[in-house]
Amino acid sequence: LYGVTTFMVDYAKTQLGIPIEKASLLATIHGSSQVIGVLTLLPLSDYLGRKKTMIFMNSLIAASLFGIVLAGHSWGMLCFLVGLFAVFYGPTFPIYGACAGDYFPKSVIGTVIGAWTPFWGIGAILSHWVTGLIRDSTGLYNLAFLTNGVMALAGMVLILFVRKKPS
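Remember, it's a predicted structure, so these values are computed and weren't measured experimentally.

Draft legend 1. Geometry of the side chain of Ser 45. One can find Ser 45 in helix 3 (residues 25–48). For Ser 45, a relative accessible area of 2% gives the class buried. What Ser 45 contacts, discounting residues up to four positions off in sequence, is Arg 50, Thr 53 and Ile 95.

The structure is reproduced here in C-alpha cells:
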C-alpha cells in the first residue's frame, strides 16, 4: 500500500508530466478520502463482518492500484482512482486491530496486535524500498505500482484462509 502513497506525487510529476502544484493535490485527495473510509468502512465492518469487509477493501485497493497505471495521462481518472484507493486504504490498519477481537481470545488481543505491528512495519519499509528499486531500475513507476497491486491481491487471497475462532 505504501509504495503508491509515497510516490504518487512524483509519479504524476515525473512520469505523467503534471506540474508539481497540480500533482501535489493527489496527497490532499488521498488524505481526505482516507477520512471517508475510516468513518464508513469501520462501522460497516461491524455489520458485514471483518473478513468480508477486508476482502472487499483489498479487492478495490488492488483494482485502484492497477487503474492508476492504466489511467495513463487522464488527470480526472487519476484523481478518482487515488481517492478510491484511499477510501479503502485508510481503515486498513484499524480494521486489523478490530479483527484481533474477532479471531483471537480476549486474553491475548494485546499480544496479537503487538505481534502484528512489526510485520506491518517490515512491510511498510520493504514497500518503499522495493517500489523505489523497481522504479529506479526501469525508469518508470508502472511495474512498481503493478507490483503493489499484486501484493494487495496476495493480501486478499491470504484473508480467504482466515478462520473464525471457535465459539
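Moving on, there is more to tell.
Draft legend 2. Expanded view of the pattern of salt bridges. Overall, the coordinates contain 2 salt bridges when judged by the stated rule. Arg 50 is the salt-bridge partner of Asp 46, the closest N and O atoms lying 2.7 Å from each other. Here Asp 102 ties to Arg 50 by a salt bridge, and the two come within 3.0 Å at their closest N and O atoms. In this pair, Asp 102 is assigned in helix 6 (residues 92–103) and Arg 50 in helix 4 (residues 50–70), connecting sequence segments 52 residues apart. The two residues Asp 102 and Arg 50 agree in class, both being buried. Because the salt bridges share partners, they merge into one network encompassing Asp 46, Arg 50 and Asp 102.

Draft legend 3. Structural view of the nonpolar core. By size, the foremost hydrophobic cluster in this structure holds 37 residues, and its most contacted members are Leu 26, Ile 68, Leu 78 and Phe 145. The element contributing the most residues to this core is helix 5 (residues 75–89), with 9 residues. When neighbours within four sequence positions are excluded, Leu 26 is seen to be in contact with Met 8, Ala 12, Trp 75, Leu 78, Cys 79 and Val 82.

Draft legend 4. Looking closely at the packing of helix 3 against helix 5. Contact pair helix 3 / helix 5: the axes reach a minimum separation of 6 Å and the direction vectors enclose 40 degrees. The angle between helix 3 and helix 5 falls in the class oblique. Crossing angle aside, the handedness with which helix 3 passes helix 5 is right-handed. Of helix 5, the residues touching helix 3 (which contributes Leu 25, Leu 26, Ile 29, His 30, Ser 33, Gln 34, Ile 36, Gly 37 and Leu 41) are Trp 75, Leu 78, Cys 79, Val 82, Gly 83, Phe 85, Ala 86, Val 87, Phe 88 and Tyr 89. Here the residues of the contact of helix 3 with helix 5 are counted per class, giving 14 nonpolar, 5 polar and no charged.

Draft legend 5. Structural context of the side chain of Gln 15. With respect to the helices and strands, the residue Gln 15 is situated in helix 1 (residues 2–15). Within the structure, Gln 15 has its side chain in polar contact with the backbone nitrogen of Tyr 141 (distance 2.6 Å). Beyond its immediate sequence surroundings of up to four residues, Gln 15 is in contact with Asp 10, His 73, Leu 140, Tyr 141 and Asn 142.

Draft legend 6. Main features of the environment of Cys 99. For Cys 99, the position within the fold is in helix 6. Cys 99 gets classed as buried once you look at its relative accessible area, which sits at 4%. For the pair Cys 99 and Met 54, spaced 45 residues apart in the sequence, the C-alpha separation amounts to 9.7 Å. Beyond its immediate chain neighbours, meaning those up to four positions away, Cys 99 contacts Arg 50, Met 54 and Trp 116.

Rules of the game
- Residues numbered from 1 in each chain as written.
- Predicted model: local features only at pLDDT ≥ 70, side-chain atom pairs only at ≥ 80, totals over all residues.
- Heavy atoms only, no water.
- Helix = DSSP H or I, 4+ residues; strand = E, 2+ residues; numbered from the N terminus.
- Buried < 20%, exposed > 50% of the residue type's maximum accessible area, 1.4 Å probe, protein only.
- Contact = heavy atoms within 4.5 Å.
- Salt bridge = Lys/Arg side-chain N within 4 Å of Asp/Glu carboxyl O.
- Core = buried A, V, L, I, M, F, W, Y, C linked by side-chain atoms within 4.5 Å.
- Axes fitted to C-alpha atoms, helices over the stretch in contact; angles between N-to-C directions.
- Parallel < 35°, antiparallel > 145°, perpendicular 65-115°, else oblique.
- Left-handed = near helix turned anticlockwise from the far one by under 90°.
- Nonpolar A, V, L, I, M, F, W, Y, C, P; charged D, E, K, R; others polar.
- Polar contact = N/O pair within 3.5 Å; in protein donor to acceptor, adjacent residues only side chain to side chain.

Just geometry here; none of it tells us what the structure is for.
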